[in-house]
Number of protein chains: 2
Amino acid sequence: MDERAALRLLSDELEGAGDDAAVVDGLVVTTDMLHDRTDFPDGTTRYTAGWRAVGASLSDVAAMGAEATAAVAAYAAPTFDRDELLAFVRGASDVCELVDTEYVGGDLDGHDEFTVATTAIGRTDDPVPRSGARPGDVVCVTGTLGRSAAALEYFDRAARRTGDGDDGGTERLLERANDLFQFGPRIAAGRTLAPHATAMMDSSDGLTRSIHQLAEASDCGVAIDSHRIPIDDAVREVADGEDEAFELATTFGEDFELVAALPEDALSAVREGTDVSLSVIGSVRTATDGVTMDGDALVDRGYTHG
Amino acid sequence: MDERAALRLLSDELEGAGDDAAVVDGLVVTTDMLHDRTDFPDGTTRYTAGWRAVGASLSDVAAMGAEATAAVAAYAAPTFDRDELLAFVRGASDVCELVDTEYVGGDLDGHDEFTVATTAIGRTDDPVPRSGARPGDVVCVTGTLGRSAAALEYFDRAARRTGDGDDGGTERLLERANDLFQFGPRIAAGRTLAPHATAMMDSSDGLTRSIHQLAEASDCGVAIDSHRIPIDDAVREVADGEDEAFELATTFGEDFELVAALPEDALSAVREGTDVSLSVIGSVRTATDGVTMDGDALVDRGYTHG
């Protein structure tokens, strides 16, 4: 059974599962596990790892339209280096501070591979599910897409330079990669969208897959205009042409932007309420219209992250 | 830096850390990570793993004197087997049901070693820290100690029988081991103790270490009477004599009982309020008296679990 089938099984089995986060008594709870080999490329600092791991869980809280209450992490590693541990805690604390919540620690654990499990908790009386999009709604995305794909390319370039002599180039590449790998969880934008959004989720599995997931959960179709998708300049810097930049930005994922459906007449209120850019990238259609981009069927591609 | 030093560093760095669970706005949050090789002996069913992993986090909620609100788990494994996954979810759900809370799912993740990260959330307006014990208080422990040590011995015996032919003996050993490995988190007892307890924690690192941790946090001494420590019959079954049974029961840990200090005159009220047995095993002294058992210094031994 692959991860998608297993997730579907769990969503059938557990009432609370199947959305970005579970909701119990107005509390929003979400947990994620990240591993050195698959989630933290060589050159990822522990500060970035702490930021990113906790940020990923906060993004799930944002996707429910909730405010964030607290985050914890279980940190497993073969050895405990003081500087690494403190850097991790500072990254975790800084991303929490950015969204006005508190990093309250967690657990330490000896393990052969650096592994982090994070949990974020939020509150909302009115969680936004993935399942409420209605034909006629517009489909929006916050910010820009492709930062993580660009970061990975910079990590790769730094790794390939190993042994080229110490001219500072590797360090600059890693700084750029780490910077792109840190992101601002869209808690504030999610709070602004929540009263209006009919469906919402984050783009962690890539925009293309997110659109398909939202369409499936809402039993609707979605028509996307490719030229309205906000591509981050960073991914253009590393891509071989506009087509590759577009491909990376829409399928690589891990960008943690919000994808939301809402009535068109709510757009101006949302835009007034947040500093984050909000791009209308398409509209909700009936289920029989399917998921399309520029009129053609959009293939469900993207990475199923853990 | 070993785990204890690393935990001390975190407790200095983070305001919420250093107790069984962090407390934010009346919410209690705790997270743990468990691994196949170190925490789940060969023969541990996925049902038991789900029960035990989630139970360990619920025990931390109990140790704060809180009621449980919800639990989640991130489940990482090399492959996702339908029956294993469902068994895990049922074990996790059953332990939650036992303490009147809800298992709300979590995350799935491909990983080379079976690894589980659990988070439990609780609520209390009046959390019981480890740090409030006062000279004159009695020191109590719930239930009996040594079940997990006994379970481990049964798992070992089953493993040694491999190849002895299928007479059902291995299966019986594994059933016994799995049964002992499932435990009831002391949420209800913790709620009853909370209004009276001056300090509380769980015994997951072994009674001996727990007593030292409580004494250190409360800046006090503790005098223990060895003959009043409640030893589980199961550990007597597997131990080579009473001394070994006592040693296993007090230092092996992972029994998830509550260790609490409270005024002696509160004992009858607590005992009336809970079905769980409560043994007075000693009393709180001044710090200069140190931690003793039967009048001799008690060496700080036990296992620092992750």
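Not measured: the values here are computed from a predicted model. (Residues numbered from 1 in each chain as written. Chains lettered and ligands numbered in written order. Predicted model: local features only at pLDDT ≥ 70, side-chain atom pairs only at ≥ 80, totals over all residues. Heavy atoms only, no water.)

**Looking at the overall build of chain A**
We apply this condition: Secondary structure elements are taken from DSSP: a helix is a run of H or I of four residues or more, a strand is a run of E of two residues or more, and numbering for both begins at the N terminus. We get accessible surface area from the Shrake-Rupley algorithm with a probe of 1.4 Å; when it comes to residues, only the shown protein chains can shield them. Note on charges: Lys and Arg go in the positive column, Asp and Glu in the negative column, and His and the chain ends are not counted at all. Charged groups are reduced to one reference atom each: NZ for lysine, CZ for arginine, CG for aspartic acid, CD for glutamic acid.
Helix and strand counts for chain A stand at 11 helices and 12 strands. Considering only C-alpha atoms, chain A reaches an extent of 55 × 50 × 45 Å along its principal axes. Taken as a whole, chain A presents about 12,100 Å² of accessible surface, with 43% of it coming from carbon and sulfur. Averaging the coordinates of the 24 positive side-chain charges in chain A and doing the same for the 60 negative ones gives two points 3 Å apart.

**Section: the interface of chain B and chain A**
Note the threshold: Should any heavy atoms of two residues lie within 4.5 Å, those residues are counted as being in contact. Here the quantity called buried area is the total loss of accessible area, with a 1.4 Å probe, experienced by two parts when brought into contact, counted for both. One side-chain nitrogen of Lys or Arg within 4 Å of one carboxyl oxygen of Asp or Glu is enough to make a salt bridge. Here a polar contact means two N or O atoms within 3.5 Å. Within protein one must be a hydrogen donor candidate and the other an acceptor candidate, and residues neighboring in sequence count only if both atoms are side-chain atoms.
In this assembly, 54 residues from chain B lie in contact with 54 residues from chain A. For the pairing of chain B and chain A, the buried interface totals around 4,600 Å² over both sides, and the portion due to carbon and sulfur atoms is 69%. On the chain B side of the interface with chain A, the three residues burying the most area are T31, M33 and L108 of chain B, jointly 12% of the side's total. Linking chain B to chain A there are two salt bridges. Between D112 of chain B and R37 of chain A there is a salt bridge, and its shortest N-O distance comes to 2.7 Å. The interface formed by chain B and chain A holds 10 residue pairs in polar contact (both at pLDDT 80 or more) in total.

**What about the UniProt feature "binding site: Mg(2+) 3" (unreviewed entry) in chain A?**
Residue and element names in this part refer to chain A. Which entries qualify depends on this criterion: UniProt positions are given in the numbering used here, feature names are shortened, and annotations may be inferred rather than shown by experiment. We call a residue buried when its accessible area falls under 20% of the maximum for its residue type, exposed when it is over 50%, and partly exposed in between, using a 1.4 Å probe and counting protein chains only.
Cross-referencing UniProt, the feature "binding site: Mg(2+) 3" (unreviewed entry) maps to D20, D60 and D202 in the present numbering. A maximum C-alpha distance of 7.5 Å places the annotated residues, which cover 183 residues in sequence, within one compact spot. Secondary-structure assignment places D60 in helix 3 (residues 46–63). With a relative accessible area of 8%, D60 lands in the buried category. For D60, the residues in contact, after removing those within four places along its chain, are D20, A21, T30, D32 and D202. Among the polar contacts made by the side chain of D60, one reaches the side chain of T30 at a distance of 3.0 Å. With respect to the element layout, D202 can be found in strand 7 (residues 199–202). You can call D202 buried: its relative accessible area is 3%. A distance of 2.7 Å separates a polar atom in the side chain of D202 from a polar atom in the side chain of S59.

**So, the side chain of S218 of chain B**
All names here are of chain B. Among the secondary structure elements, S218 is positioned in helix 8 (residues 207–218). Engagement of the side chain of S218 in a polar contact is seen with the backbone oxygen of R130, the distance being 2.8 Å. One polar contact links the side chain of S218 to the main-chain amide nitrogen of A133, over a distance of 3.0 Å. The residues contacting S218, other than those within four sequence positions of it, are R130, S131, G132, A133 and A199.

**Focus: the relation of the copies chain B and chain A**
Convention followed: In this comparison the copies share one frame, found by least squares on the C-alpha atoms of residues holding pLDDT of at least 70 in both.
Superposing chain B onto chain A takes a rotation of 180 degrees combined with a translation of 0.0 Å along the rotation axis, leaving an RMSD of 0.0 Å. The symmetry that links the two subunits is that of a two-fold axis. Across chain B, the rotation axis passes nearest the C-alpha of A117 of chain B, at a separation of 3.1 Å. Looking at the interface residues of chain B, 100% of them are also at the interface in chain A, so both copies use one shared face.

**Observations regarding the domain arrangement of chain A**
How big an interface is tends to be stated in terms of accessible area lost as the parts join. Residue and element names in this part refer to chain A. To keep things clear, this is the line we draw: Domain ranges listed in this record stem from an automatic or a database domain assignment.
Under the domain assignment used here, chain A contains domain 1 (19–123) and domain 2 (138–297). In this structure, domain 1 and domain 2 have C-alpha centres spaced 21 Å apart. Across the contact, 29 residues belong to domain 1 and 21 residues belong to domain 2. Of the roughly 2,000 Å² buried between domain 1 and domain 2 on both sides combined, carbon and sulfur atoms contribute 59%.

**Brief notes about the packing of aromatic side chains**
Convention followed: Only rings of Phe, Tyr and Trp enter the pairing, Trp through its six-membered ring, and a pair is recorded when the two centres are within 6.5 Å. The plane angle decides the type: under 30 degrees is stacked, over 60 is edge-to-face, the rest tilted. Comment: the charge-over-ring label is applied if NZ (Lys) or CZ (Arg) is within 6 Å of the ring centre and within 35 degrees of the ring normal.
Evaluated as defined, the whole model comprises 16 aromatic pairs over all chains. Relative to F88 of chain B, the ring of Y75 of chain B has its centre 4.9 Å away and its plane inclined at 75 degrees; by these criteria the two rings are edge-to-face. In this pair, Y75 of chain B is assigned in strand 3 (residues 67–77) and F88 of chain B in helix 4 (residues 82–98), connecting sequence segments 13 residues apart. We note that Y75 of chain B, like F88 of chain B, is buried. Here the aromatic rings of F183 of chain B and F256 of chain B are separated by 4.4 Å at their centres, their planes lie at 10 degrees, and the arrangement is stacked. Within this pair, whereas F183 of chain B is found in the loop between helix 6 (169–181) and helix 7 (187–193), its partner F256 of chain B is found in the loop between helix 10 (242–251) and strand 9 (258–262), the two being separated by 73 residues in sequence. One residue, R46 of chain A, lies across the ring of F114 of chain A, its end atom 3.5 Å from the ring centre. Here R52 of chain B stacks its cationic end above the ring of F181 of chain B, 3.6 Å away from the centre of that ring.

**Some words on the pairing of strand 6 (residues 138–142) of chain B**
Working note: regular strand, side chains alternate between the two faces of the sheet. Residue and element names in this part refer to chain B. Let me state the cut-off plainly: Paired strands are those between which DSSP finds at least two bridges.
Within strand 6, five of the five residues are buried, which leaves it mostly tucked inside the rest of the structure. Residue alternation in strand 6 divides its side chains into two sets, V138, C140 and T142 and V139 and V141, and both sets are buried. Pairing of strand 6 with strand 9, which is carried by four bridges, proceeds in the antiparallel orientation. Bridge pairing links V139 to A261 in strand 9. Sheet topology places strand 6 next to strand 10 (residues 278–285); five bridges connect them, and they run antiparallel. Counted as the bridge partner of C140 is V280 from strand 10.

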